[in-house]
Amino acid sequence: NPAVSREADSTWSPRFVEQEQDRIDFIYYRGDDWRVTESSVVMQHYTWFPSDHAAVVSQFERLPSSHPALAQTQRLRTVAYNIRHAVGMDKKLSVMRTAKRLHDLQPDVVGLAEVDVHCNRSGNVNQAAVLGNALKMHSAFGKFMDYDGGQYGMAVLSKYPIIDVHTLELPPGGEPRIALMAEVLLPSDERILVVNVHFDWLRNDEIRFQQATKLRDYLRQVSMPVVLLGDFNDQPGSRTLRLFEELLEADKPESERFTWSATEPKVEIDFIFAAPRERWSARGTRVVDESVVSDHRPVLTELTLKP
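This is a predicted model, so every value here is computed, not measured. (Residues numbered from 1 in each chain as written. Predicted model: local features only at pLDDT ≥ 70, side-chain atom pairs only at ≥ 80, totals over all residues. Heavy atoms only, no water.)

On to the overall build of the chain. From N to C terminus, the chain includes 4 helices and 14 strands. Here the C-alpha radius of gyration of the chain, 19 Å, is about what a compact globule of 307 residues would show, namely 19 Å. Referenced to the eigenvectors of the C-alpha coordinate spread, the extents of the chain come out at roughly 55 × 50 × 35 Å. Burial statistics for the chain: of 307 residues in total, 49% are counted as buried. (Helix = DSSP H or I, 4+ residues; strand = E, 2+ residues; numbered from the N terminus. Rg over C-alpha atoms; globule rule 2.2 N^0.38 Å. Buried < 20%, exposed > 50% of the residue type's maximum accessible area, 1.4 Å probe, protein only.)

The next subject is the environment of Phe209. You can see Phe209 is positioned in helix 3 (residues 206–219). Along the chain, Phe209 and Leu241 lie 32 residues apart, while their C-alpha atoms are 8.8 Å from each other. Excluding anything up to four places from it in sequence, Phe209 contacts Arg239, Thr240 and Leu243. (Contact = heavy atoms within 4.5 Å.)

A separate point is the nonpolar core. Within the largest apolar cluster, 28 residues are counted, with the highest numbers of intra-cluster contacts made by Leu76, Val184, Leu186, Ile192, Val194, Ile272 and Trp280. Take this core: its biggest share by element is 4 residues, from strand 8 (residues 177–185). Setting aside its immediate chain neighbours within four residues, Ile272 contacts Thr78, Val79, Ala80, Leu228, Leu229, Leu248, Glu249, Ala250, Val299, Thr301 and Leu303. (Core = buried A, V, L, I, M, F, W, Y, C linked by side-chain atoms within 4.5 Å.)

Within helix 1 (residues 95–105) the residues assigned to the buried category are Val95, Thr98, Ala99, Arg101, Leu102 and Leu105. Buried positions in helix 1, seen along its axis, are confined to an arc of 165° and lie on one side of it. Residues of helix 1 that are buried make contact with strand 3 (74–82), strand 4 (109–117), helix 2 (127–135), strand 13 (280–287) and strand 14 (299–305). One or two steps after helix 1, the chain reaches Gln106, where phi turns positive at roughly 50°. (Arc of directions from axis to C-beta.)

Gln127, Ala128, Val130, Leu131, Gly132 and Leu135 are the residues of helix 2 that are buried. Residues of helix 2 that are buried in the fold lie against helix 1, strand 4, strand 5 (138–147) and strand 6 (150–158). For helix 2, the capping residue at the N-terminal end is Asn126, with a side-chain oxygen 3.2 Å from the backbone nitrogen of Ala128. (Polar contact = N/O pair within 3.5 Å; in protein donor to acceptor, adjacent residues only side chain to side chain.)

Moving on to the sheet that holds strand 7 (residues 162–170). What the 6 strands build is an open sheet, ordered 7-8-9-10-12-11; its pairing is mixed. Two strands close off the open sheet at either side, each with one partner strand: strand 7 and strand 11 (248–249). The pairing of strand 7 with strand 8 spans 8 bridges and is classified as antiparallel. Bridged to Ile162 within strand 8 is Val184. Relative to strand 7, helix 3 is tilted by about 140°, and along the sheet it contacts strand 7, strand 8, strand 9 (191–198) and strand 10 (226–231). (Pairing = 2+ DSSP bridges. Axes fitted to C-alpha atoms, helices over the stretch in contact; angles between N-to-C directions.)

How two helices sit against one another is set out by the angle between their axes and by the gap between those axes. Orientation of helix 1 relative to helix 2, taken along the N-to-C sense of each, is 45°, at an axis distance of 10 Å. Relative to helix 2, the element helix 1 is oriented oblique. Where helix 1 crosses over helix 2, the two elements pack in a sense that is right-handed. Taking contact as the criterion, the partners of Val95, Met96, Thr98, Ala99, Leu102 and His103 in helix 1 are, on helix 2, Gln127, Val130, Leu131, Ala134 and Leu135. (Parallel < 35°, antiparallel > 145°, perpendicular 65-115°, else oblique. Left-handed = near helix turned anticlockwise from the far one by under 90°.)

A side chain with one charge can pair with a side chain of the opposite charge if their charged atoms come near. This structure, assessed with the given rule, holds 22 salt bridges. For the salt bridge of Glu246 with Arg220, the shortest nitrogen-to-oxygen distance reads 2.8 Å. With a gap of 26 residues between them, Glu246 in the loop between helix 4 (239–242) and strand 11 and Arg220 in the loop between helix 3 and strand 10 connect regions that are remote in the sequence. Note that Glu254 is salt-bridged to Arg257, the shortest N-O span being 3.0 Å. (Salt bridge = Lys/Arg side-chain N within 4 Å of Asp/Glu carboxyl O.)

Moving on, we come to the sheet that holds strand 3. Hydrogen bonds along the backbone pair up the strands of a sheet, which may run parallel or antiparallel. The 6 strands lie next to each other as 5-6-4-3-14-13, forming an open sheet whose pairing is mixed. Of all the strands in the sheet, the pair left with one neighbour each is strand 5 and strand 13. Between one strand axis and the next, the sheet turns by 20° as a mean value, whatever way the strands run. Here 6 bridges tie strand 13 to strand 14, and the two strands are oriented antiparallel to one another. Bridged to Val287 within strand 14 is Val299. Strands in contact with helix 1 are strand 3, strand 4, strand 13 and strand 14; relative to strand 3, the strand with the most contacts, it is inclined by about 150°.

Take the pairing of strand 12 (residues 270–275) next. Along any regular strand, the residues point their side chains to alternate faces of the sheet. Most of strand 12 sits inside the fold, with 6 of its 6 residues counted as buried. The two faces of strand 12 match: Asp270, Ile272 and Ala274 on one face and Phe271, Phe273 and Ala275 on the other face are all buried. The pairing of strand 10 with strand 12 spans 6 bridges and is antiparallel. Within the sheet, the bridge partner assigned to Val226 lies in strand 12 and is Ala275. As judged from the 2 bridges shared by strand 11 and strand 12, these two strands associate in the antiparallel manner. By the bridge assignment for strand 12, Glu249 is matched with Phe273.

Honestly, it's all geometry; don't read function into it.
Here it is in structure tokens:
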């Protein structure tokens with residue numbers, strides 16, 4: 001899992017947080033018959049961390065030499081969720097409650113909006129890392145801006161290894177914006193690009209349309225399969241959403257398609273797409289009936305990538 005953040009995934013030193021944090025402990029392997037199914041950094045302890053180094057933990061599995069997975073379809077339970085920095089409609093802050101709700105959905109890939117890393121308002125924790133560790137998923141974070149003593153942005157969680165992370169800077173609006181891109185290695189050895197977005201929220205759609213246009217143009221140059229998901233802050237039929245008509249949309253049931261607000265859902269602004277259209281299918285798409293954990297409701301679908 002070579003895509004690491006030297007600060008967020010640091011192994012030196014959880015015991016001496018006043019020192020410069022860095023990633024200096026690694027696990028390497030070689031061989032086509034092996035795959036890492038899970039990697040994480042253990043850097044939290046209920047009292048005082050018992051070593052001056054954190055631990056790197058990896059789980060390996062051995063594959064048949066013929067690699068039959070290459071000819072199999074890949075099914076991905078995919079979730080898009082704006083978590084409002086883990087503050088629910090009851091005004092309570094609980095990142096573990098968010099983790100529990102996501103765990104119930106048993107996702108393979110998650111796109112999270114409104115994520116805090118070491119912000120005062122959310123207890124100075126790395127929410128992306130905490131959620132990843134709690135769900136036993138790989139995590140990647142992308143920063144919109146520095147905020148309240150830490151960073152505010154978005155995250156991708158993946159059951160499968162995240163082997164590269166980069167961002168696409170989008171035109172700024174009410175706040176700075178990026179698209180977070182995580183390259184994920186599937187069990188079939190194929191790579192997909194998971195793209196998480198949270199477009200501008202202002203009523204005037206000009207900036208939002210500019211952001212979507214820049215992302216659409218970028219995605220047209222991507223050769224690997226793409227999963228695009230997130231909070232688009234615009235509705236079906238808008239010129240923002242029409243930019244992505246060439247992608248496969250995970251269509252929600254017409255009678256239960258609204259994602260905001262959580263308590264009185266009246267608009268559909270959270271979506272999941274996939275490209276190229278001919279390689280993907282989507283089924284079982286639904287808006288999860290969740291009215292407390294965040295001000296948005298999560299969207300869940302099962303995407304199938306054909307060989």
